[in-house]
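So you can see what is in the structure, the chains are spelled out below.
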Amino acid sequence: MARYDYKCTACGHVFEVEHAMGEHPAITCPECGSSAEQTFSTYGIEFKGTGYYNTDQRDSAPASSASE
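Residues numbered from 1 in each chain as written. Predicted model: local features only at pLDDT ≥ 70, side-chain atom pairs only at ≥ 80, totals over all residues. Heavy atoms only, no water.

Colleague: Account for the packing of aromatic side chains, with residues named and values stated.
Modeller: Tallying each qualifying case throughout the model produces 1 aromatic pair. Look at Tyr6 and Phe15: their rings are 6.3 Å apart centre to centre, the planes differ by 20 degrees, and that puts the pair in the stacked class. The residues Tyr6 and Phe15 share a single accessibility class, namely buried. (Phe/Tyr/Trp six-rings, centres within 6.5 Å; stacked < 30°, edge-to-face > 60°. Buried < 20%, exposed > 50% of the residue type's maximum accessible area, 1.4 Å probe, protein only.)

Colleague: Report on the environment of His19, specifying residues and quantitative values.
Modeller: Along the polypeptide, His19 turns up in strand E2 (residues 14–19). Note: C-alpha distance between His19 and Met1 (18 residues apart in sequence) is 5.3 Å. Apart from the residues lying within four places of it in its own chain, the contact partners of His19 are Met1, Ala2, Tyr4, Tyr6 and Pro25. At 2.9 Å, the side chain of His19 forms a polar contact with the side chain of Tyr6. (Helix = DSSP H or I, 4+ residues; strand = E, 2+ residues; numbered from the N terminus. Contact = heavy atoms within 4.5 Å. Polar contact = N/O pair within 3.5 Å; in protein donor to acceptor, adjacent residues only side chain to side chain.)

The quantities given are spatial measurements derived from coordinates; they are silent on function.
This is how it looks when you write it as structure tokens:
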């Protein structure tokens, strides 16, 4: 079971509903009884440290000097 956020189209009340991922039930607002739509929120992810970018990888061969 997954939890989803819904927002009422009439009063704007935001609430959470738990249902299976494959289900798409018709959800009504618990406050006013109007229909509600599923909302999608973004979550901030912050990558700290090294190893997250292609430029952070070490070269497999040592760097050649400019005098060579």
